[in-house]
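# Geometric and topological summary
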Amino acid sequence: MKTIRNKIEWKSINWKKIHLRVWRIQTKIYNYSRENDKAKVQKLQKILIKLMDAKLLAVRKVTQDNRGKRTAGIDGKKLLTPSKRAELAYKIEIDGRCNSIKRQKIPKPGKPKEVRYLGIPTIRDRAKQALALLALEPEWEAKFEKNSYGFRPGRRTHDAIEAIHSTINKSPKYVLEGDIRKCFDQINHEILLAKLETFPMMNRQIRSWLKAKTVVQEELIFPKRGTPQGGILSPLLANVALNGIEEMLSDWIAEIPAYSPGGHRISKPNRRKRLLYVRYADDFVVLHPDQEIIESAKQLIDEFLAPIGLELHPEKTKITHTYLNINGSRPGF
């Protein structure tokens, strides 16, 4: 990489080396997070967000790799020249500040009559969010639950479907098919930040993005809840908010006595295995042989979501059975 004081030749950057240097720090963050060593995690995160390698990767993500690279924020800026990308990398910093967000209405994929709203940050804020993601994602990848699949590196919809199929293939189950109503729009900011439990400057930065004034056809809105869809960091924040349901259900089911058809008491580990919770973004399924367990699980999930400001969609959440597959209905995503 050819570097001059305050100048980087974008086309001469050795991206392979940069990825490797950032990955090494991220791997340490992941390992310390698994060991629950918060001090070392945050020390490395503070180093990473100041590292020029990480800033260059963040800028590359939003100006070259990301599908929304041609979308302008409130400042009207979108496609940047190589020299402007390098200049942006020098300027971005996790400093607790942010620009206004542009709100845009788009049709839902496959549902042209329905719309969703995207909150589009400026390129600078998108780059800052990408930088924050580089630091926060490895910490949370070490904490996220086994059967959470949406918006996570190396995990696809097919993986979630396979997890469900491997369970219903063995024996019939009752199924809770759940949909969380307006998940991105309703998340309680204070609960989310408390759960994120990050260091003060990152906390201030994320709070500023959550509270950023939003421009809708010249009208200003100051959001009191939710994470704007369209922000690079929003999917991670939504996963943080929803993390814990699987563990809660697993601990709960382990304490409920259960018996085999032969009358033998089922052990706690096997009671846990009989219940499966799989989530992809804001959709999830819960599977268990007992309908009463499924109904109770629905109530427990409702209680878990309430403090976060969320609720189950009454029309899209239903209890079915895997035998209904023959009639064309199936649990899944």
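The notes below deal with the structure included here. Fair warning: this is a prediction, and the values are worked out from it, not measured in the lab. (Residues numbered from 1 in each chain as written. Predicted model: local features only at pLDDT ≥ 70, side-chain atom pairs only at ≥ 80, totals over all residues. Heavy atoms only, no water.)

## So, the pairing of strand β9 (residues 283-288)
The buried fraction of β9 amounts to 5 of the 6 residues, a majority that puts the element mostly inside the structure. Where strand β5 (residues 174-179) meets β9, 6 bridges bridge the pair, whose relative direction is antiparallel. Paired with D179 across the bridge in β9 is D283. When strand β8 (residues 276-280) meets β9, the two strands line up antiparallel, connected through 5 bridges. Counted as the bridge partner of Y280 is D283 from β9. With antiparallel pairing between neighbouring strands as the criterion, β8 and β9 make up a hairpin whose turn holds 2 residues, including A281 at a positive phi of roughly 60 degrees. (Buried < 20%, exposed > 50% of the residue type's maximum accessible area, 1.4 Å probe, protein only. Helix = DSSP H or I, 4+ residues; strand = E, 2+ residues; numbered from the N terminus. Pairing = 2+ DSSP bridges.)

## Overview of the nonpolar core
When a protein is soluble and globular, its nonpolar side chains tend to lie buried together. Ranked by size, the top nonpolar core spans 71 residues in total, and within it M202, I206, L233, V286 and I301 carry the most contacts. Ranked by the residues each element gives to this core, the list is headed by helix α5 (residues 123-141), at 10 residues. When sequence neighbours within four positions are dropped, the list of residues in contact with I206 reads L136, L193, L196, L233 and L237. With 10 residues, the next largest nonpolar core counts Y149, A163, V175 and L287 among its residues. (Core = buried A, V, L, I, M, F, W, Y, C linked by side-chain atoms within 4.5 Å. Contact = heavy atoms within 4.5 Å.)

## Some details on the packing of helix α11 (residues 245-254) against helix α13 (residues 291-305)
Their axes nearest at 11 Å, the elements α11 and α13 cross at an angle of 135 degrees. The pairing of α11 with α13 is recorded here as oblique in orientation. Classified by chirality, the crossing of α13 by α11 is right-handed. Here α11 contributes I245, M248, L249, W252 and I253 to the contact with α13, which in turn contributes I293, S296, A297, L300, I301, F304 and L305. Its residues assigned to classes, the contact of α11 with α13 comprises 11 nonpolar, 1 polar and no charged. (Axes fitted to C-alpha atoms, helices over the stretch in contact; angles between N-to-C directions. Parallel < 35°, antiparallel > 145°, perpendicular 65-115°, else oblique. Left-handed = near helix turned anticlockwise from the far one by under 90°. Nonpolar A, V, L, I, M, F, W, Y, C, P; charged D, E, K, R; others polar.)

## Overview of the packing of aromatic side chains
Summed over the entire model, instances satisfying the criterion amount to 4 aromatic pairs. A ring pair is formed by W10 and W15, whose centres lie 5.2 Å apart and whose planes are at 65 degrees; its orientation type is edge-to-face. With respect to burial, W10 and W15 carry one shared label: buried. Measuring from ring centre to ring centre gives 5.7 Å for Y277 and F284, while their planes differ by 35 degrees; the resulting arrangement is tilted. Of the two residues, Y277 and F284, both sit in the buried class. One Lys or Arg, R60, reaches over the ring of W15 and ends 4.7 Å from the middle of that ring. Taking NZ or CZ as reference, K143 lies 4.4 Å from the ring centre of W140, over its face. (Phe/Tyr/Trp six-rings, centres within 6.5 Å; stacked < 30°, edge-to-face > 60°. Lys NZ or Arg CZ within 6 Å of the ring centre and 35° of its normal.)

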